[in-house]
Amino acid sequence: MKFIVSSTGLFSHLQAISRVINSKNSLPILDCFLMELTDGTLSLTASDSETTLSTSLEVNESDGDGRFAVSSKTILEALKEIPEQPLTFLVNTENLEITVQYQNGKYSLMGQNADEYPQAPALGANAVHVTMGAPVMLAGINRSLFATADDELRPVMNGIYFDITTEDITFVASDGHKLVRNKTFVAHGDEKAAFILPKKPATLLKNLLPKEQGDVQIDFDDRNATFTLENYSMICRLIEGRYPNYNSVIPQDNPHKATIDRMTLISALRRVSVFSSQASSLIKLRLSENQIQISAQDIDFSTSAEETLTCQYTGSPMSIGFKSTFLIDILNNISAQEILFELADPSRAGVIVPVEQEEKEDLLMLLMPMMLND
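Residues numbered from 1 in each chain as written. Predicted model: local features only at pLDDT ≥ 70, side-chain atom pairs only at ≥ 80, totals over all residues. Heavy atoms only, no water.

Caption draft 1: Main features of the side chain of Ser47. Within the secondary structure, Ser47 sits in strand E3 (residues 41-47). Taking relative accessible area as the criterion, Ser47 reaches 2% and is therefore assigned buried. In this structure the side chain of Ser47 is engaged in a polar contact, spanning 3.0 Å, whose partner is the backbone nitrogen of Ser49. At 3.1 Å, the side chain of Ser47 and the side chain of Thr52 are in polar contact. Ser47 has contacts with Val20, Ile21, Leu30, Thr52 and Tyr117, leaving out every residue within four places of it along the chain. (Helix = DSSP H or I, 4+ residues; strand = E, 2+ residues; numbered from the N terminus. Buried < 20%, exposed > 50% of the residue type's maximum accessible area, 1.4 Å probe, protein only. Polar contact = N/O pair within 3.5 Å; in protein donor to acceptor, adjacent residues only side chain to side chain. Contact = heavy atoms within 4.5 Å.)

The structure is reproduced here in structure tokens:
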């Protein structure tokens, strides 16, 4: 079997799918890429047994069809230093000896039997089908991924929950301290359905989607989901279980509302949080008429800081404590210039929403308070 392919084209495709591969795999074959040549199209696959990512590219010339597996580390390191030029692959399908010829030299390496490579699972007959624009999906994942948990006791919290209705799709993530609910009205399903996408495949999609145009086809059943992009295809195991009722934890009718410039608030939080206790990262927000006072102290080291910002606030004065790192995380994942803080009392979660929502979108973030000592 012989084929000629662009060096940079092959490297960029292999590099994109290599993120799936774990540093330690239960099966040695999973340290490899699966390469399959059929009618002038070279299909490339990488897998960690739970998530499989595939892509394909056209070869310049080919003679014969076949499939083989090759060490991902070796081929990536070898291709990294080769400038754009045609590479000629010669593969002996009997002993799997591979020769890669390029302008000034050649590589010789051994392939592995492609039949040992695990097959991706097929979806059941009850699979649900949904279509979503790549930019819409990217925005949903980008805004919610940071709020997912790492909780062995509650695995359902370790992913992004896709709540699909006939009118909209909602991306939800929560670790018990912070919650993101990002609803988009530009995509919807034909029926009510839901699934929980684990953090790793969500991160892979986050890296692939910026280069994609057009729609993403999503097909899923009770156990697995397939995401078909323009240039890539991914099938992954879903997190099984029932996601908590996220709407029930969002406080309604919050009487205390403050509007403030987002970047000004982030800068102040970063300055003041330097003086907070390292153990708790507690910062205190004191709201009074048209101003917000941000303060922090570390009793152990006798350090403290406070800063006052102007804001639009007309309610009665109140104080509330938050973990500064969580609050900064939330504000960094909102793109609006101004944000609206909605508060009920110091013991209930604070709701943070952009003053101007993106078109056909409803974004809400929630942060649980910390108890103040005074």
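Caption draft 2: Quick look at the packing of helix H3 (residues 134-144) against helix H4 (residues 199-208). The contact between H3 and H4 brings their axes to 10 Å, and the two run at 130°. Put simply, H3 runs oblique to H4. For H3 against H4, the interelement crossing comes out left-handed. Of H4, the residues touching H3 (which contributes Met137, Leu138, Ile141 and Asn142) are Ala202, Leu205 and Lys206. Its residues assigned to classes, the contact of H3 with H4 shows five nonpolar, one polar and one charged. (Axes fitted to C-alpha atoms, helices over the stretch in contact; angles between N-to-C directions. Parallel < 35°, antiparallel > 145°, perpendicular 65-115°, else oblique. Left-handed = near helix turned anticlockwise from the far one by under 90°. Nonpolar A, V, L, I, M, F, W, Y, C, P; charged D, E, K, R; others polar.)

Caption draft 3: Region of interest: the sheet that holds strand E12 (residues 169-174). Ordered in space as E14-E11-E12-E13-E26-E25-E24-E18-E22, the nine strands form an open sheet in which the pairing is antiparallel. Looking at strand neighbours, the two that pair on one side only are strand E14 (193-198) and strand E22 (312-313), the edges of this open sheet. The strands that helix H6 (residues 324-332) touches are strand E13 (178-184), strand E24 (338-343), strand E25 (350-354) and strand E26 (361-367); relative to E26, the one it contacts most, it runs at about 175°. (Pairing = 2+ DSSP bridges.)

Caption draft 4: Structural view of the nonpolar core. By size, the foremost hydrophobic cluster in this structure holds 64 residues, and its most contacted members are Leu10, Leu14, Met137, Phe220 and Phe227. No other element matches the five residues that helix H1 (residues 7-18) contributes to this core. In this structure Met137 touches Met132, Phe162, Phe171, Leu205, Leu209, Val216, Ile218 and Phe227, once residues within four positions along its chain are discounted. In terms of nonpolar packing, the next biggest core, distinct from the first, is built from 37 residues, Ala147, Ile283, Cys311 and Ile320 among them. (Core = buried A, V, L, I, M, F, W, Y, C linked by side-chain atoms within 4.5 Å.)

Caption draft 5: Structural detail: unusual backbone geometry. In this structure, Ser49 takes a positive phi of about 80° despite not being glycine. As for its placement among the helices and strands, Ser49 is situated in the loop between E3 and strand E4 (51-58). Despite not being glycine, Asp253 has its phi angle at roughly 50°, a positive value. Tracing the sequence through the fold places Asp253 in the loop between strand E17 (232-237) and strand E18 (256-261).

Caption draft 6: Focus on the side chain of Thr55. Following the sequence through the fold, Thr55 ends up in strand E4. Judged by its relative accessible area of 5%, Thr55 falls in the buried class. Polar contacts involving the side chain of Thr55 include one to the main-chain carbonyl oxygen of Asn231, which spans 2.7 Å. Apart from residues lying up to four places away in sequence, Thr55 is in contact with His13, Ile17, Leu42, Ser43, Leu44, Asn231 and Tyr232.

Function cannot be read off these values alone, since they describe shape.
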